[in-house]
Amino acid sequence: LEFVESLVADKAALNGRCEQMAEEFRLLERKVTERQKEQEERHERELKKQRESILTAEKIRRDNWMQEKSKEIKEMTVKGLQPEIERLIAKHKSEVRRMEEANADEQRRQREGLTEAHERSFNELRDRMLGERERAVE
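Here the residue index of a chain counts from 1 through its sequence in written order. Per-residue local features are limited, in this predicted model, to residues with pLDDT of at least 70; the limit for side-chain atom pairs, both in listing and counting, is 80 or more; totals at the level of whole chains, interfaces and linings are taken over all residues. Only hydrogens and water are removed before side-chain values are computed, so all heavy atoms of the structure are retained for them.

As a further point, take the overall build of the protein. Counting from the N terminus, the helices are the DSSP runs of H or I reaching at least four residues and the strands are the DSSP runs of E reaching at least two. A tally of helices and strands in the protein yields two helices and zero strands. For the protein, whose C-alpha radius of gyration is 31 Å, the value lies well above the compact-globule estimate of 14 Å for 138 residues. In terms of overall dimensions, the protein has C-alpha extents of about 115 × 15 × 15 Å along its principal axes. The classification of residues rests on relative accessible area computed with a 1.4 Å probe and restricted to protein chains. Under 20% of the type maximum is buried, over 50% is exposed, and intermediate values are partly exposed. Out of the 138 residues in the protein, the part that is buried amounts to 15%. Pairs of residues are marked as contacts when any of their non-hydrogen atoms sit within 4.5 Å. Taking the contacts inside the protein whose residues are at least 6 apart along the sequence as the reference set, 83% of them involve residues at least 24 apart. Note on method: radius of gyration uses C-alpha positions; expected globular size equals 2.2 Å times residues raised to 0.38.

Pasting the structure below:
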């Protein structure tokens, strides 16, 4: 009878410990989720800031280019303007298109890099937490 009571007491203690560990796991899971959300928000802010700085720099560069070309065009003779203007416009359009593509590629690479880093850190944290949980259960 004592042995049975001892087993029941041990079972109750183990059950309480399992509930405590389950609660700890839920808390850790919430923390990980919050940390993940914070990282995602931080990454989004960083991407937005980079995007804005790239667009600002591109606008400044484009404005400077436009001013230079306007000045050159004004200095040319009227007869020679038309073919040169068409050539410059085509060149500028292709350059803008090329830069927009390069910008889109760079943003995609940055997004992929941030996503991979985020997933890597999340997986490491999850693996570490699962390992800690397994060790705690043992």
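There is more to say, and it comes next.
Here the focus is the packing of aromatic side chains. Pairing of aromatic side chains here covers Phe, Tyr and the six-membered ring of Trp, requires ring centres within 6.5 Å, and sorts the geometry by plane angle: under 30 degrees stacked, over 60 edge-to-face, intermediate tilted. The full count for this structure, using the stated rule, is zero aromatic pairs. Lysine and arginine charges are scored as sitting over a ring when NZ or CZ, respectively, is within 6 Å of the ring centre and within 35 degrees of the ring normal. The ring of Phe25 has Arg133 lying over it, and the distance from NZ or CZ to the ring centre is 4.8 Å.

Next up on the list: the pattern of salt bridges. Any carboxyl oxygen of Asp or Glu that lies within 4 Å of a side-chain nitrogen of Lys or Arg is treated as forming a salt bridge with it. Under the criterion given, the structure shown has ten salt bridges. Of the charged contacts in the structure, one is a salt bridge between Glu132 and Arg128, with a shortest N-O distance of 3.9 Å. Of this pair, Glu132 and Arg128 both sit in helix H2 (residues 78-137), four residues apart, which is roughly one turn of that helix. Assessed through its relative accessible area of 46%, Arg128 is described here as partly exposed. One continuous salt-bridge network, built from bridges that share partners, spans Glu58, Arg61, Arg62 and Glu95.

The span you would expect from a helix comes to 1.5 Å times its residue count less one. For helix H1 (residues 2-75), with 74 residues, the first-to-last C-alpha span of 108 Å sits near the 110 Å given by 1.5 Å per residue. Those residues of H1 that sit buried are Met21, Val32, Gln39, His43, Leu47, Glu58, Trp65 and Lys69.

With that out of the way, let us pick up the side chain of Asn103. With respect to the secondary-structure elements, Asn103 resides in helix H2. With a relative accessible area of 18%, Asn103 lands in the buried category. Excluding its chain neighbours within four sequence positions, the residues that come into contact with Asn103 are Ile54 and Leu55.

With that settled, the discussion passes to the environment of Met99. Tracing the backbone shows Met99 in helix H2. C-alpha separation for the pair Met99 and Ser6, spaced 93 residues apart in sequence, amounts to 76 Å.

A few words on a nonpolar patch on the surface. Each patch is built from residues lacking any salt bridge and having more than 30% relative accessible area; the joining distance is 9 Å for like charges and 5 Å for nonpolar side chains (Val, Leu, Ile, Met, Phe, Trp, Tyr). The protein chains shown are the only cover counted for residues, whose accessible areas, like all others here, come from Shrake-Rupley with a 1.4 Å probe. Taken together, the side chains of Phe3, Val4, Leu7 and Val8 present a nonpolar region at the surface, about 400 Å² in accessible area. Assessed through its relative accessible area of 47%, Val4 is described here as partly exposed.

Okay, a negative patch on the surface next. Side chains of Glu34, Glu38, Glu40, Glu41 and Glu44 sit close together on the surface and give a patch of like negative charge. Along the chain, Glu34 falls in helix H1. With relative accessibility at 48%, the residue Glu34 sits in the partly exposed group. Charged-residue counts in this description rest on Lys and Arg as positive and Asp and Glu as negative, His and the chain ends being excluded. Each charge is placed at NZ for Lys, CZ for Arg, CG for Asp and CD for Glu.

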